[in-house]
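Summary of structural features
Spelled out from the first residue to the last, the chains are:
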Amino acid sequence: MTREQPSLPLLWLLSDARNDATIEDALRTLPPGSGFVFRHYHLDPETRHARFDVLADVARQYRHVVILSGPQEWGADGHYGPSDSLGAGLRLATAHDGEELQAAIAAGVDGIFLSPVFPTASHPGAATLGVHGFHVLAQQSPVPVIALGGMTHERARELDWPRWGAIDGLASTKVA
């Protein structure tokens, strides 16, 4: 029996070394049915797998969609990363410019994380898309686009885009 593919949530929490201490609480405060992308690149493979299992269990208690960054088949609902290296299930690509966006569309992905919209701690000093640049690219996509990069509830309202995700912007505050 194959698992039914979940729909693409509007709100996404991405894991990182920076939010690991608060991520379980953040998963509990997200609206049920949100999305969770497990990254945790800082961990060795065995520890990373164990941490995935723990966080995936918490996420599933709240009916969140669980996505894994990387090729491993650990029972996630899908995979996240460059469009040419995605595994089974929901396929969520990363894109940072028009060329990567078009490559993701051509690869037939289910959704695209487009970033960075705003300045972000993950890539200090990096060029950003800004509100206008994000909209110009996002409107070229026939598949759902998820805004990423410096996103918070306030910036999501400023961007006026339905799908967005964050690392720091959701990990330590209660979702309204």
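What comes next concerns the included structure. These numbers come from a predicted model, not from an experiment. (Residues numbered from 1 in each chain as written. Predicted model: local features only at pLDDT ≥ 70, side-chain atom pairs only at ≥ 80, totals over all residues. Heavy atoms only, no water.)

Okay, the overall build of the protein chain next. Along the backbone of the protein chain there are 6 helices and 8 strands. Projected onto its principal axes, the C-alpha positions of the protein chain cover 40 × 35 × 30 Å. Burial status across the protein chain gives 50% buried among its 176 residues. Partitioning the intrachain contacts of the protein chain with sequence separation of at least 6 by distance along the chain shows that 51% fall at a separation of at least 24. Summed over all atoms, the accessible surface of the protein chain reaches about 8,500 Å², with 54% contributed by carbon and sulfur. Here the protein chain contributes 13 positive and 20 negative side-chain charges, whose respective centroids are spaced 6 Å apart. (Helix = DSSP H or I, 4+ residues; strand = E, 2+ residues; numbered from the N terminus. Buried < 20%, exposed > 50% of the residue type's maximum accessible area, 1.4 Å probe, protein only. Contact = heavy atoms within 4.5 Å. Areas by Shrake-Rupley, 256 points an atom, 1.4 Å probe, with all protein chains shown as cover. Lys, Arg positive; Asp, Glu negative; His and termini not counted. Charge placed at Lys NZ, Arg CZ, Asp CG, Glu CD.)

Neither face of strand S6 (residues 111–114) is left uncovered, since the one carrying Gly-111 and Phe-113 and the one carrying Ile-112 and Leu-114 both have all their residues buried. One ladder, built from 4 bridges, connects strand S5 (residues 90–95) with S6; its direction is parallel. What sits directly across from Thr-94, in S6, is Phe-113. Handedness of the β-α-β unit built from S5, helix H3 (residues 98–106) and S6 comes out right-handed. Where S6 meets strand S7 (residues 145–147), 3 bridges bridge the pair, whose relative direction is parallel. Of the residues in S7, the one forming a bridge with Phe-113 is Ile-146. (Pairing = 2+ DSSP bridges. Right-handed = clockwise from strand over helix to strand, strands pointing away.)

For the bond from Ser-115 to Pro-116, the omega torsion is -10°, close enough to zero to count as cis. Within the secondary structure, Pro-116 is located in the loop between S6 and helix H4 (130–138). One non-glycine residue with positive phi stands out, namely His-40, at about 45°. Here His-40 is to be found in the loop between strand S2 (35–38) and helix H2 (45–61). We classify His-40 as buried; its relative accessible area is 0%.

Here strand S1 (residues 11–14) shows no split at all, with Leu-11 and Leu-13 on one side and Trp-12 and Leu-14 on the other all buried. In terms of strand pairing, S1 meets strand S8 (residues 164–166) through 3 bridges, oriented parallel. By the bridge assignment, Leu-13 is partnered in S8 with Ala-166. Inspection of the sheet shows S1 paired to S2 by 3 bridges, in the parallel sense.

Limitation: the analysis is restricted to geometry and does not speak to function.
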